[in-house]
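Listed here are the chains, written in short residue letters.
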Amino acid sequence: MNNPRDDSFSVNDISPEHLNAGQAKLFMADIRRLLRYKNKFVYVPCPACGADNAKKIFKKYRLDYVICPDCETMYMNPRPTPELLEMYYKKSKNYWYWNKYIFPASA
């Protein structure tokens, strides 16, 4: 039986290395823009089971991540409202960069 593993494929085929620095810079700019609205984030119960007793487990980019002790779902809490998420994605320079440079380079 032939080995289906093909070592010629790498992450750089999906996201070319020479474009990663620009993408990372724009991603952080998007995060900073979103964090300006952190006072409008909302607390939510577990999106999987509805429990309201999550425990904080870590912080990343000044955002709190929690885990539900009932079903072990991990999620961000508090989180942006749907309106803030819509604004984030519509104005995202990171996703613009992916569409303009990374996707075409990895096609």
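Along each chain, residue indices are assigned from 1 in the same order as the chain's sequence is written. For this predicted model, a pLDDT threshold of at least 70 governs which residues receive local features, and a threshold of 80 or more governs which side-chain atom pairs are given and counted, while totals over whole chains, interfaces and linings are taken from all residues. Based on all heavy atoms of the structure, the side-chain values leave hydrogens and waters out of the count.

## Overview of helix α4 (residues 93–106)
Now for step 1: In this model, α4 (14 residues) spans 19 Å end to end at C-alpha, consistent with the 20 Å of a helix rising 1.5 Å per residue.
Now for step 2: If you look at α4, its biggest bend is around 40°, right at N99.
Now for step 3: Relative accessible area decides the class of each residue, using a 1.4 Å probe on protein chains only: under 20% of the type maximum gives buried, over 50% gives exposed, and in between gives partly exposed. Elements are defined by DSSP. Helices are runs of H or I of four residues or more, strands are runs of E of two residues or more, and each kind is numbered from the N terminus. Taken as a whole, α4 has its buried residues at N94, Y97, W98 and I102.
Now for step 4: Where α4 begins, the capping side chain belongs to S92, and its oxygen is found 3.3 Å from the backbone nitrogen of N94. For a helix, the expected span equals 1.5 Å multiplied by the number of residues minus one. Bend is computed residue by residue as the angle between axes fitted to the seven residues ending at the residue and the seven residues starting at it. Here a polar contact means two N or O atoms within 3.5 Å. Within protein one must be a hydrogen donor candidate and the other an acceptor candidate, and residues neighboring in sequence count only if both atoms are side-chain atoms.

## Concerning unusual backbone geometry
Now for step 1: The amide bond that connects N77 to the next residue, P78, takes the cis arrangement and shows omega of 0°.
Now for step 2: Secondary-structure assignment places P78 in the loop between β3 (74–76) and α3 (82–91).
Now for step 3: Positive phi, normally seen in glycine, also occurs at R62, with a value near 65°.

## A few points about the packing of aromatic side chains
Each pair of aromatic rings is reported with the distance of its centres and the angle of its planes.
Now for step 1: Any Phe, Tyr or Trp ring, taking Trp's six-membered ring, that has another such ring centre within 6.5 Å forms a pair; planes under 30 degrees apart are called stacked, those over 60 apart edge-to-face, and the others tilted. Overall, the coordinates contain seven aromatic pairs when judged by the stated rule.
Now for step 2: Centroid distance W96 to Y101: 5.9 Å. Interplanar angle 85°. Geometry classified as edge-to-face.
Now for step 3: Taking the centre distance of 5.0 Å and the plane angle of 50° together, the rings of Y97 and Y101 count as tilted. Within this pair, Y97 and its partner Y101 are both found in helix α4, separated by four residues, close to a single helical turn.
Now for step 4: Taking relative accessible area as the criterion, Y97 reaches 11% and is therefore assigned buried.

## A closer look at the state of the cysteines
What is meant by a disulfide is a covalent connection between two cysteines, made through their sulfur atoms.
Now for step 1: Cysteine sulfur atoms are paired as a disulfide whenever they come within 2.5 Å of each other. Applying the stated criterion across every chain yields a total of zero disulfides.
Now for step 2: The cysteine C68 is free of any disulfide, with C49 supplying the nearest cysteine sulfur at 3.6 Å.
Now for step 3: Note on C68: relative accessible area 1%, which makes it buried.

## Structural notes on the confidence of the model for the protein chain
Now for step 1: Each residue carries a pLDDT value, the predictor's own confidence for that position, ranging from 0 to 100. When pLDDT is averaged across the protein chain, the result is 88; 84% of the residues are at 70 or more.
Now for step 2: Mean pLDDT per element in the protein chain: helix α1 (residues 11–14) is the minimum at 59, and β3 is the maximum at 98.

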